[in-house]
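Each chain is listed here by its residues.
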Amino acid sequence: MSTGLDEKTINRDPIKQFQLWLDDAIAAKLPLPEAMTLATATPDGRPSARMVLLKQVDEDGFVFFTNYNSVKAEQLDANPYAALVFYWAPLDRQVRVEGSVIRTSAQESRDYFKTRPRESQIGAWASGQSEVISGREVLEQRAKELEALYCDREIDCPEHWGGYRLKPERIEFWKSRIGRLHDRILYERNLSGWTVSRLAP
């Protein structure tokens, strides 16, 4: 894992290369290896960023879930482009992803919601994400009421909650090297697949 990156030997499929690195981070028992910075912007270019968790990655893209009434969702719906950053410091590795974003299907959202811990399901209903509240007791009271409401039945997936899928157009893999002569390998999507280039650090 300490070796550098070579554009001649790196996997030509960036999703497969990403999965290899994610597997390494998991094997190294890093805390929350699936954590990623999600950067969005308003239509007039005002950026914001926050940490979210990657829940799925495949040839269709990178998937995460959120409240559709949140600030991030409002920005994604108005300006459906975003960037992701994964940083695994103990491995001296970073991955940057840029691309267009669409909502997952309602069925995909419901299917994933069913796999969440019950406390997280309650939380999705209890929290009006990004809204101003008078204090934590508001959340705790909402959660208590919902726990009573759903005490003997399955918790439904809220209509205001679901996933987004970022379809990558650019993926960059970065590996720290001595003297700050880092390795940077860039994949760019085109009509026939992916091109692979080396960038100066």
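On to the overall build of the chain, then. Across its full length, the chain holds 5 helices and 9 strands. Secondary structure elements in the chain, listed N-terminal to C-terminal, are α-β-β-β-β-α-β-β-α-α-α-β-β-β. With the C-alpha coordinates aligned to their principal axes, the bounding extent of the chain is approximately 60 × 40 × 30 Å. Classification of the 201 residues of the chain by burial places 40% in the buried group. For the chain, restricting intrachain contacts to residue pairs at least 6 apart in sequence, the fraction spanning at least 24 positions comes to 63%. When the accessible surface of the chain is split by element, carbon and sulfur atoms take 52% of a total near 11,500 Å².

Our next topic: the nonpolar core. Soluble, globular proteins show a tendency: their nonpolar side chains are buried together. In this structure, Phe18, Phe62, Phe86, Trp88 and Val95 are the most contacted members of the largest nonpolar core, which totals 33 residues. Among the elements of the structure, α1 (14–27), β1 (35–41), β4 (61–67), α2 (71–78), β5 (81–88), β6 (93–103), β7 (161–175) and β8 (183–190) are those that each provide at least two residues to this core. Counting residues per element, this core draws most heavily on α1, at 5 residues. Apart from residues no more than four positions distant in its own chain, Phe18 is found in contact with Leu54, Val57, Phe62, Phe86, Trp88, Val95 and Phe173.

This part takes up the packing of aromatic side chains. Counting across every chain of the model gives 14 aromatic pairs. With 6.5 Å between their ring centres and 85° between their planes, Tyr187 and Trp194 make a pair best called edge-to-face. The class for Tyr187 is buried, based on a relative accessible area of 0%. By the ring-pair criterion, three or more aromatic residues cluster together here, those being Phe18, Phe62, Phe86 and Trp88. Positioned above the aromatic ring of Tyr68 is the side chain of Arg103, whose terminal nitrogen or guanidinium carbon lies 3.7 Å from the ring centre.

A separate point is the pairing of β7. Within β7, 12 of the 15 residues are buried, leaving the element largely enclosed by the surrounding structure. Of the strand pairs in this sheet, β4 and β7 are connected by 6 bridges, and their pairing is antiparallel. Its bridge partner being in β7, Thr66 is matched across the sheet by Gly162.

Pairs may arise between side chains of opposite charge once their charged atoms sit close together. Following the criterion strictly, the structure yields 14 salt bridges and no others. One salt-bridge network, in which partners are shared between bridges, spans Arg96, Glu98, Arg170, Glu172, Arg184 and Glu188.

Across the 7 residues that make up β1, a large majority, 5, are buried. Looking at chain direction, β1 and strand β2 (residues 47–53) are connected through 7 bridges and run antiparallel. Counted as the bridge partner of Ala35 is Leu53 from β2. Counting the residues that bridge the hairpin from β1 to β2 gives 5 residues, and of these Gly45 lies at a positive phi of roughly 90°. For β1 and β5, the ladder comprises 3 bridges, and the chain directions are antiparallel. Looking across to β5, one finds that Leu38 is bridged to Leu84.

The next thing to look at is α1. Because an α-helix packs 3.6 residues into every turn, residues spaced three or four apart end up facing the same way. If you check α1, its first and last C-alpha atoms are 20 Å apart, about what 14 residues at 1.5 Å a residue would give, namely 20 Å. Looking only at α1, the buried set comprises Pro14, Ile15, Gln17, Phe18, Trp21, Leu22 and Ala25. The arc that holds every buried residue of α1, seen down its axis, measures 160°, which confines them to one face. Opposite its buried face, α1 presents the exposed residues Lys16 and Ala27, each directed more than 90 degrees away.

About the cut-offs
- Here the residue numbers are simple positions, counted from 1 along each chain's written sequence.
- Totals for whole chains, interfaces and linings use all residues, but because this is a predicted model, local features are given only for residues with pLDDT of at least 70 and pairs of side-chain atoms are given and counted only at 80 or more.
- Just so you know, side-chain values use all the structure's heavy atoms and leave hydrogens and water out.
- Counting from the N terminus, the helices are DSSP H or I runs at least four residues long and the strands are E runs at least two residues long.
- For every residue, the accessible area obtained with a 1.4 Å probe (protein chains only) is divided by the maximum for its type, and the residue is called buried under 20%, exposed over 50%, and partly exposed between those limits.
- Whether two residues are in contact is decided by their heavy atoms: any pair within 4.5 Å suffices.
- Note on areas: these come from Shrake-Rupley sampling with a 1.4 Å probe, and a residue is covered only by the protein chains present in the view.
- Residues grouped as a nonpolar core are buried Ala, Val, Leu, Ile, Met, Phe, Trp, Tyr and Cys residues, joined through side-chain atoms within 4.5 Å.
- In this scheme Phe, Tyr and Trp rings, the latter by its six-membered ring, pair at centre separations within 6.5 Å, and the angle between planes marks the pair as stacked below 30 degrees, edge-to-face above 60, and tilted otherwise.
- Comment: the charge-over-ring label is applied if NZ (Lys) or CZ (Arg) is within 6 Å of the ring centre and within 35 degrees of the ring normal.
- By definition, two strands form a pair when at least two bridges between them are found by DSSP.
- The rule for a salt bridge is simple: a side-chain nitrogen of Lys or Arg has to be within 4 Å of a carboxyl oxygen of Asp or Glu.
- Here, expected helix span is obtained from the residue count minus one, scaled by 1.5 Å.
- This arc corresponds to the set of directions leading from the helix axis out to the C-beta atoms.

Any link to function would need more than the numbers given here.
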